Amino acid sequence: MADSSQAKVIPLHGSPSADGAGSQTDSGSGPAGGAGRSASLGDGLLEAAGALAQGLAARTLGDDWRTKVAGGLEFARRRLTGEYEVDDLGFDPDLTENVLLAILRPLYQSWFRVEVRGLDNIPSVGGALLVANHSGTLPVDGLMTHVAVHDHHPAHRHIRMLGADLVFRTPVIAELARKGGTTLACNEDAERLLSAGELVAVFPEGYKGLGKPFSERYKLQRFGRGGFVAAALRTGVPIVPCSIVGAEETYPLLGNVEPLARLLGVPYLPITPTFPWLGPLGLVPLPSKWIISFGEPISTDSYDPEAAEDPMLVFDLTDQVRETIQHTLYALLLDRPDAF
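Analysis parameters
Residues numbered from 1 in each chain as written. Predicted model: local features only at pLDDT ≥ 70, side-chain atom pairs only at ≥ 80, totals over all residues. Heavy atoms only, no water. Salt bridge = Lys/Arg side-chain N within 4 Å of Asp/Glu carboxyl O. Helix = DSSP H or I, 4+ residues; strand = E, 2+ residues; numbered from the N terminus. Buried < 20%, exposed > 50% of the residue type's maximum accessible area, 1.4 Å probe, protein only. Polar contact = N/O pair within 3.5 Å; in protein donor to acceptor, adjacent residues only side chain to side chain.

A. Quick peek at the pattern of salt bridges. Per the counting criterion, the structure on display carries 20 salt bridges. With its nearest N and O atoms 3.0 Å apart, the salt bridge here joins R117 to D335. Of this pair, R117 sits in strand β1 (residues 115-117) while D335 sits in helix α11 (residues 311-335), and the two are 218 residues apart along the sequence. The partly exposed category is assigned to D335, whose relative accessible area is 48%. Where salt bridges share partners, they join E74, R77, R78, R79, E83, D92 and D94 into one cluster.

B. The side chain of H158, seen in detail. Here H158 lies in the loop between α5 (140-152) and β3 (159-163). Given the relative accessible area of 12%, H158 is considered buried. Reaching out from H158, the side chain makes a polar contact with the side chain of E97 at a distance of 3.0 Å. Engagement of the side chain of H158 in a polar contact is seen with the side chain of H146, the distance being 3.1 Å.

C. Looking closely at unusual backbone geometry. Put simply, F275 and P276 share a cis peptide bond, and its omega is 5°. Mapped onto the fold, P276 is located in the loop between β8 (270-271) and β9 (291-294). In this structure, H156 is a non-glycine residue whose phi angle is positive, near 50°. Checked against the element boundaries, H156 lands in the loop between α5 and β3. With a relative accessible area of 43%, H156 lands in the partly exposed category. In this structure, Y218 is a non-glycine residue whose phi angle is positive, near 65°. Checked against the element boundaries, Y218 lands in the loop between α8 (206-210) and α9 (227-235). Here Y218 falls in the buried class, since its relative accessible area comes to 4%.

Now the structure itself:
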């Protein structure tokens, strides 16, 4: 006779039973069902977050954001492992391409809306000397010219700028300038770079052009003693005139606090429509429309290197380059109906 006190057997969790004990699990209302819903919710949140991140990346970096992110990670790896080169003048092409020019591109493309002309006048290989007008209170024109040549010339060449000694006496700026390819504006460095087949840029007006008042905009100042022409003659490289319209309006120079400039040891201390009145915001350039035009090269390879010692020849070539740039500036201004 069976013992009527025998306990009822309770099936293991998830096992089917005749009395429907497993039906709670099947219906998803038990612990396993709750975990399943939590997992599904977590997966959904991850997918939504991933889609949001991809959308933000696409808006910020463009449709090729995956390529840019991968390039950024590869750049970081090279910097950490030391797999990059710096020449003996301090130029770091890897840093320039991936950081310095990347920072400048939004200014070039969206703020100044730069139009570039005559890139076919720049040789794809070998040394050449770019000679440009200088203006705008701060040397933004050189930076935009570097972006124009590197990004739009078929050979994607870097420009090696010749900078004034003040550049290399300014903390932080000096190091960035060296990394970006700028070197001291002296004949020795210029001839060394040109002989090595580099594309060198010089702004012969110097601070006289950069710091001239807005009332004298687009009127070229003296081109010095023609040292750039002598460097081109000694190395036999072509001279490419470069005319830049737009830089004059970025920081219109209305005045110069000369006593304070002398005290600080700088060529000028500008007063513009926004500086110093707006404080740091006054350093934001006005969004002028830019045109950068490269003229027909002036050949020097028909001269002997000793021709660099002929002052009349150097003067004539210097004057030819200056007049070419001046006339081109006037023509470009007619092509640009509105400064902004």
